[in-house]
Amino acid sequence: QVQVVESGGGLVQAGGSLRLSCVASGSIFSINDMGWYRQAPGKQRELVATSTSDGSTNYADSVKGRFIITRDNAKKMVYLQMNSLEPEDTDVYYCNAKINVNGFIRRNYWGQGTQVTVSS
């Protein structure tokens, strides 16, 4: 069974930092994109940052210059360093991994979510 599990959320004051971690495990042929998304109540899930297997990155405009996504392919992990946090960053953050389980078919996997709360 393939699993994607994220951790590292919590409560922080505005201007502070948090580091989220995500690990993929199970029967995996290869991992393509990995990334982070967030979702607030009543809103659609939105992209925060993504990273391809070769290290190319993409960020939402709202987090550019503040968040950094990194990846460790050997460990099948992806991280999100969140700096200069703002109350607007308060959301449930989800790890996403696009995984080839058999060398041909790519499937999309999601973590369970981790709560990030930024107080003013």
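Along every chain, residues carry numbers that run from 1 in the direction the sequence is written. Per-residue local features of the predicted model are confined to residues with pLDDT of at least 70, and side-chain atom pairs are confined, for both listing and counting, to 80 or more; whole-chain, interface and lining totals are unaffected and use all residues. Only heavy atoms go into the side-chain values, all of them from the structure, while hydrogens and water stay out.

Novice: Describe the overall build of the protein chain, naming the residues involved and giving the relevant values.
Specialist: The number of helices and strands found in the protein chain is zero helices and eleven strands. Going from N to C terminus, the protein chain has its helices and strands arranged as β-β-β-β-β-β-β-β-β-β-β. A compact globule built from 120 residues would reach a C-alpha radius of gyration of about 14 Å, and the protein chain, at 14 Å, matches this within 12%. By its C-alpha atoms, the protein chain is 45 × 25 × 20 Å across when sized along the principal axes. Burial classification: accessible surface area is computed with a 1.4 Å probe over protein chains only, and a residue below 20% of its type maximum counts as buried, one above 50% as exposed, and the rest as partly exposed. Split into buried and exposed, the 120 residues of the protein chain put 43% on the buried side. The contact criterion used is simple: two residues touch if any of their non-hydrogen atoms lie within 4.5 Å. Restricting to contacts in the protein chain with at least 6 residues of sequence separation, those with at least 24 account for 55%. Accessible area of the protein chain: about 6,400 Å², with a carbon and sulfur share of 47%. The numbering of helices and of strands both runs from the N terminus, where a helix is a DSSP run of H or I of at least 4 residues and a strand a run of E of at least 2. Only C-alpha atoms enter the radius of gyration; for comparison, a globular chain is expected to reach 2.2 Å times N to the power 0.38, where N is the number of residues. Shrake-Rupley sampling with a 1.4 Å probe provides the accessible areas, and residues are treated as covered by the protein chains on show and by no other component.

Novice: With reference to specific residues and values, describe unusual backbone geometry.
Specialist: You will see that K76, though not glycine, has its phi angle at about 55°, which is positive. Secondary-structure assignment places K76 in the loop between β7 (67–72) and β8 (77–82). Overall, the relative accessible area of 30% leaves K76 in the partly exposed class. Residue S84 is not a glycine yet carries a positive backbone phi of 50°. Tracing the backbone shows S84 in the loop between β8 and β9 (91–100).

Novice: Explain the nonpolar core to me, and be specific about the residues and the numbers.
Specialist: Core analysis: the largest hydrophobic core is formed by 30 residues, its most contacted members being W36, L80 and I99. For this core, the elements supplying multiple residues, two or more each, are β3 (18–25), β4 (30–39), β5 (46–51), β7, β8, β9 and β11 (114–119). When residues no more than four places from it in sequence are discounted, the contact partners of L80 are L18, R19, L20, W36, V48, A49, F67, I68, I69 and Y93. For our purposes a nonpolar core is just a set of buried Ala, Val, Leu, Ile, Met, Phe, Trp, Tyr and Cys residues, chained together by side-chain atoms within 4.5 Å.

Novice: An account of the pairing of β4 is needed here, citing residue identities and associated values.
Specialist: By this definition, two strands are paired if DSSP reports at least two bridges between them. Relative to β9, β4 is paired through eight bridges, and the arrangement is antiparallel. By the bridge assignment for β9, S30 is matched with N100. Bridge analysis of β4 against β5 gives five bridges, and the strand direction is antiparallel. Across the sheet, the residue bridging to M34 is S51, located in β5. Linking β4 back to β5 in an antiparallel pair, the connection comprises six residues, with G42 at a positive phi of about 80°.

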